[in-house]
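So you can see what is in the structure, the chains are spelled out below.
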Amino acid sequence: MMAQYWYNVQTHEVEKDAQSGWKSLIGPYESRAEAEQALAKVRERNELADAQEDDDEDA
């Protein structure tokens, strides 16, 4: 089995093979680089969702 990488939202560190509690982790990701971009992806998805909600409210 390949290693999985997780982003820890409390320590802001990438973990190989989930070492912290699940409430602190975002993932899994296939690479360290992907995990390092976890917060940016979350922000991007939230912004898209917010924009969609605004569009729905305007309709």
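What counts, and where the lines are drawn
Counting of residues starts from 1 at the beginning of each chain's written sequence and follows it residue by residue. For a predicted model such as this one, the threshold for reporting local features is a pLDDT of at least 70, and the threshold for listing and counting side-chain atom pairs is 80 or more; totals across whole chains, interfaces and linings nevertheless cover every residue. Working from all heavy atoms in the structure, the side-chain values ignore hydrogens and water. As used in this record, nonpolar core signifies buried Ala, Val, Leu, Ile, Met, Phe, Trp, Tyr and Cys residues forming a set joined through side-chain atoms within 4.5 Å. Exposure classes here rest on a 1.4 Å probe applied to the protein chains alone. A residue is buried below 20% of its type maximum, exposed above 50%, and partly exposed in between. We call two residues in contact when some of their heavy atoms are within 4.5 Å. Secondary structure elements follow DSSP: runs of H or I of four or more residues count as helices, runs of E of two or more count as strands, with numbering from the N terminus. Here a polar contact is taken to be a pair of N or O atoms separated by no more than 3.5 Å, where protein atoms must pair a possible hydrogen donor with a possible acceptor and residues adjacent in sequence count only if both atoms sit in side chains.

J.: I'm lost on the nonpolar core in this one. Help?
T.: Side chains of a nonpolar character, in soluble globular proteins, are inclined to be buried together. In this structure, Y5, Y7, V14, Y29, A35 and A38 together form the largest nonpolar core, which totals 6 residues. Beyond its immediate stretch of four places on either side in the chain, Y5 contacts V14, E15, K16, G27, P28, Y29, E30, S31, R32 and A35.

J.: Just to check I follow, could you spell out the side chain of N8 for this structure?
T.: Residue position: N8 is located in strand β1 (residues 5-8). Accessibility expressed as a relative area gives 2% for N8, which makes it buried. For N8, the side chain forms a polar contact with the side chain of E15, separated by 2.9 Å. Within the structure, N8 has its side chain in polar contact with the side chain of S20 (distance 3.1 Å). If we skip the residues at most four places from it in the chain, N8 touches E13, E15, S20, S24 and L25.

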